[in-house]
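Report on the structure
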Amino acid sequence: MTITFITGANKGLGRETARRLVEAGHTVLAGARDPEAGARAAAAVGARFVPIDVTDDASVAAAAADVAAHEGAIDVLINNAGVHGPAGDPTGLTGADALGVFDVNLAGVVRTTTAFLPLLRRSADPVIINVSSGMGSLALTHDPSRAESRVVAPLYTASKAALTMLTTQYAKAFPGIRVNAADPGYTATDLNGHSGPQTVTEGTDAVVGLATEKPGAGSGRFVARSGEIAWS
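Everything quoted here is computed from the prediction, not taken from an experiment.

**What to know about the pairing of strand E2 (residues 27-32)**
The side chains of a regular strand alternate between the sheet's two faces. Most of E2 is tucked away, with five of its six residues classed as buried. As defined by bridge partners, strand E1 (residues 3-6) adjoins E2 across four bridges and the pair is classed as parallel. By the bridge assignment for E2, Thr 4 is matched with Val 28. For the crossover that starts at E1, traverses helix H1 (residues 12-23) and ends in the parallel E2, the hand is right-handed. For the segment spanning E2, helix H2 (residues 35-45) and strand E3 (residues 48-51), crossover handedness is right-handed.

**Notes on the nonpolar core**
Within the largest apolar cluster, 27 residues are counted, with the highest numbers of intra-cluster contacts made by Phe 5, Leu 29, Ile 52, Val 67, Ile 74, Leu 77 and Phe 116. Every element with two or more residues in this core is listed here: E1, helix H3 (57-70), helix H4 (95-120) and helix H6 (154-173). Broken down by element, this core gets its largest block of residues, six residues, from H4. Apart from the residues within four sequence positions on either side, Ile 74 is in contact with Ile 3, Phe 5, Leu 29, Val 67, Phe 116, Leu 119, Leu 120 and Ser 123. Counting residues in hydrophobic clusters, the runner-up holds 23 residues, among them Ala 42, Phe 49, Ile 78 and Val 223.

**A short note on the packing of aromatic side chains**
Counted by the stated rule, this structure contains two aromatic pairs. Where Phe 5 meets Phe 116, the ring centres are 4.6 Å apart and the plane angle is 35 degrees; that geometry is what we call tilted. Placement of Phe 5 in strand E1 and of Phe 116 in helix H4 is noted, with a sequence separation of 111 residues between them. Each member of the pair Phe 5 and Phe 116 is classed as buried.

**Things to note about the pattern of salt bridges**
All told, the structure shown has 12 salt bridges when counted by the stated rule. The closest approach of N and O atoms between Arg 19 and Glu 16, which form a salt bridge, is 2.7 Å. In this pair, Arg 19 and Glu 16 both sit in helix H1, three residues apart, roughly one turn of the helix. What makes Arg 19 partly exposed here is its relative accessible area of 32%. On the basis of relative accessible area, Glu 16 is assigned to the buried category, the value being 10%. The shortest N-O distance in the salt bridge between Asp 205 and Arg 225 comes to 3.1 Å. Linking Asp 205 in helix H8 (residues 205-211) with Arg 225 in the loop between strand E7 (222-224) and strand E8 (227-228), this pair joins segments that are 20 residues apart in sequence.

**Focus: the packing of H1 against H2**
Between H1 and H2, whose axes approach to 9 Å, the crossing angle comes to 30 degrees. Here H2 runs roughly parallel to H1, going by the angle between their axes. Of the two elements, H1 crosses H2, and the hand of that crossing is right-handed. Every residue of H2 that contacts H1 at Arg 15, Ala 18, Arg 19 and Val 22 is listed here: Ala 41, Ala 44 and Val 45. Per-class residue counts for the contact of H1 with H2 are five nonpolar, no polar and two charged.

**Concerning the environment of Asn 80**
Relative to the helices and strands, Asn 80 is located in the loop between strand E4 (76-79) and H4. Relative accessible area serves as the criterion here: at 13%, Asn 80 is assigned to the buried category. With 146 residues separating them along the chain, Asn 80 and Ser 226 place their C-alpha atoms 19 Å apart. In this view, Asn 80 contacts Ile 6, Thr 7, Gly 8, Leu 13, Gly 14 and Val 131; residues no more than four positions away in its chain are not counted.

**Digging into the sheet that holds E2**
Pairing between the strands of a sheet comes from backbone hydrogen bonds, and it takes one of two forms, parallel or antiparallel. If you trace the eight strands from one edge of the open sheet to the other, you get E3-E2-E1-E4-E5-E6-E7-E8, paired in mixed fashion. Here the strands that pair on one side only, and so sit at the sheet edges, are E3 and E8. Relative to E4, E1 is paired through three bridges, and the arrangement is parallel. By the bridge assignment, Thr 4 is partnered in E4 with Val 76. The strands that H1 touches are E1, E2 and E4; relative to E1, the one it contacts most, it runs at about 170 degrees. Strand contacts of H3: E1, E2 and E3, with the helix running at about 145 degrees to E3, the strand carrying the most contacts.

The rules behind each value
Residues numbered from 1 in each chain as written. Predicted model: local features only at pLDDT ≥ 70, side-chain atom pairs only at ≥ 80, totals over all residues. Heavy atoms only, no water. Buried < 20%, exposed > 50% of the residue type's maximum accessible area, 1.4 Å probe, protein only. Helix = DSSP H or I, 4+ residues; strand = E, 2+ residues; numbered from the N terminus. Pairing = 2+ DSSP bridges. Right-handed = clockwise from strand over helix to strand, strands pointing away. Core = buried A, V, L, I, M, F, W, Y, C linked by side-chain atoms within 4.5 Å. Contact = heavy atoms within 4.5 Å. Phe/Tyr/Trp six-rings, centres within 6.5 Å; stacked < 30°, edge-to-face > 60°. Salt bridge = Lys/Arg side-chain N within 4 Å of Asp/Glu carboxyl O. Axes fitted to C-alpha atoms, helices over the stretch in contact; angles between N-to-C directions. Parallel < 35°, antiparallel > 145°, perpendicular 65-115°, else oblique. Left-handed = near helix turned anticlockwise from the far one by under 90°. Nonpolar A, V, L, I, M, F, W, Y, C, P; charged D, E, K, R; others polar.

Spelled out as structure tokens, the structure:
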């Protein structure tokens, strides 16, 4: 049975991904910073809750140790936890604002991936999925026909652009692990005040698709529910 660990799994895309993968037969470990919300969400979808704050080295190490003690390995790591940060006029942005967003959206992925690599390497078919965004695509944010081109969210977009590049670097560095990025699309979640036209189920199509691929599928890809996105 495939063992999957998901960060930020207490609500939104993370919770729906957990629900769908449990339904698909995965053993799902639902990671979240808030112990009460995380435990509630995990129980509701049939997952096991594992506390994790991706901004805290000790918390991430403790989560990896918990999984090592209970499951011994994982097959799929889904780096889903993310924050939006300030949007609109960037006049008042501070370095602290930038560090806060990047600490979750990029450094959190680095912390979690590093801590869980030994567990992934015990799998016969290890997979890492980084939940990125078309908002981090230079091509999409410069295409006037796309919703991504009409949003001003400097720190979120920059962090997701960095995450997609990190994905390609991990894919090169870890030839024995499939490492891909997913673009959920404009989905109604707390992150955007539930303004997106997609449901959370539609928004998890790309992630679930990557998590349930057969061995030998490609690495270093950026995938949306409609198919692959060019790296640009």
